[in-house]
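Examination of the molecular architecture
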Amino acid sequence: MPKFLIQATYTPEGTKGLLKEGASGRRDAVDRVVTNLGGSVEAMYYAFGTDDLVCIIDLPDPVSMAAISLTVKASGALHTRATPLLTLEEIDEAARRQVTFRAPGA
């Protein structure tokens, strides 16, 4: 199952909601969204600095990730980035594949 790193920053309105609801309430909301699409939440951490929230989630496919991303961004409560994560084995497989490429200007 594809794995994604989610990095999020709350907007002022999103922060007000977090203060009202608490981190546990937000975890429940994230769990519901992800599990309703057939996935699971591996980890969820709050941070300070550039990102307020970091999650690692498993989803059945990239389209599910796109659906979540569009819905969350449309809420206006968070600015998010989703990064696909690859296993060591997947990178090994990629390294074995032959790719024909000509660099620009070469």
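Coordinates for the structure precede this section.
Our subject in this report is the structure included herewith. Nothing here was measured: the structure is a model prediction, and the numbers come from that model.

A few points about the layout of surface pockets
In this model, the largest pocket occupies a volume close to 530 Å³. Put simply, the parts of the chain that give the lining of the largest pocket at least two residues each are β1 (3-10), α1 (12-21), α2 (23-36), β2 (40-46), β3 (53-58), α3 (62-75) and β4 (78-85). Of the residues in the lining of the largest pocket, the class split is 21 nonpolar, 6 polar and 2 charged. Quantified by volume, the second largest pocket comes out at close to 200 Å³.

Quick notes on the environment of L78
Mapped onto the fold, L78 is located in strand β4. A residue is classified by how much of its surface remains accessible, and L78, at 15% relative accessible area, is buried. Taking the C-alpha atoms as reference points, L78 and T11, 67 residues apart in sequence, are found 5.5 Å from one another. Ignoring sequence-local partners within four residues, the contact set of L78 consists of A8, T9, Y10, T11, V72 and K73.

Here's the deal with the pattern of salt bridges
As enumerated under the stated definition, the model contains 7 salt bridges in all. In this structure, D58 and K3 form a salt bridge, with 2.9 Å as the shortest nitrogen-oxygen distance. Of this pair, D58 sits in strand β3 while K3 sits in strand β1, placing them 55 residues apart in sequence. A residue is classified by how much of its surface remains accessible, and K3, at 26% relative accessible area, is partly exposed.

A word on α3
Counted at 1.5 Å a residue, the expected span for α3 with its 14 residues is 20 Å, and the 20 Å between its end C-alpha atoms agrees. Taken as a whole, α3 has its buried residues at S64, M65, I68 and S69. Looking straight down α3, one finds that the buried residues subtend no more than 135° of arc, so they occupy a single side. Opposite the packed face of α3, turned more than 90 degrees from it, sit the exposed residues V63, L70, T71 and A74. Buried residues along α3 sit in contact with β1, α2, β3 and β4. At the N-terminal boundary of α3, the capping side chain belongs to D61, with an oxygen 3.2 Å from the backbone nitrogen of V63. Positioned one or two residues after α3, G76 has a phi angle of 80°, which is positive.

Quick notes on the rules
- Residues numbered from 1 in each chain as written.
- Predicted model: local features only at pLDDT ≥ 70, side-chain atom pairs only at ≥ 80, totals over all residues.
- Heavy atoms only, no water.
- 1 Å grid on protein atoms, 1.4 Å probe; cavity = no way out; pocket = protein on both sides within 12 Å on 5 of 7 lines; lining within 4 Å.
- Points joined across faces, edges and corners; volume = space filled by probe spheres on them.
- Helix = DSSP H or I, 4+ residues; strand = E, 2+ residues; numbered from the N terminus.
- Nonpolar A, V, L, I, M, F, W, Y, C, P; charged D, E, K, R; others polar.
- Buried < 20%, exposed > 50% of the residue type's maximum accessible area, 1.4 Å probe, protein only.
- Contact = heavy atoms within 4.5 Å.
- Salt bridge = Lys/Arg side-chain N within 4 Å of Asp/Glu carboxyl O.
- Expected span 1.5 Å × (residues − 1).
- Arc of directions from axis to C-beta.
- Polar contact = N/O pair within 3.5 Å; in protein donor to acceptor, adjacent residues only side chain to side chain.

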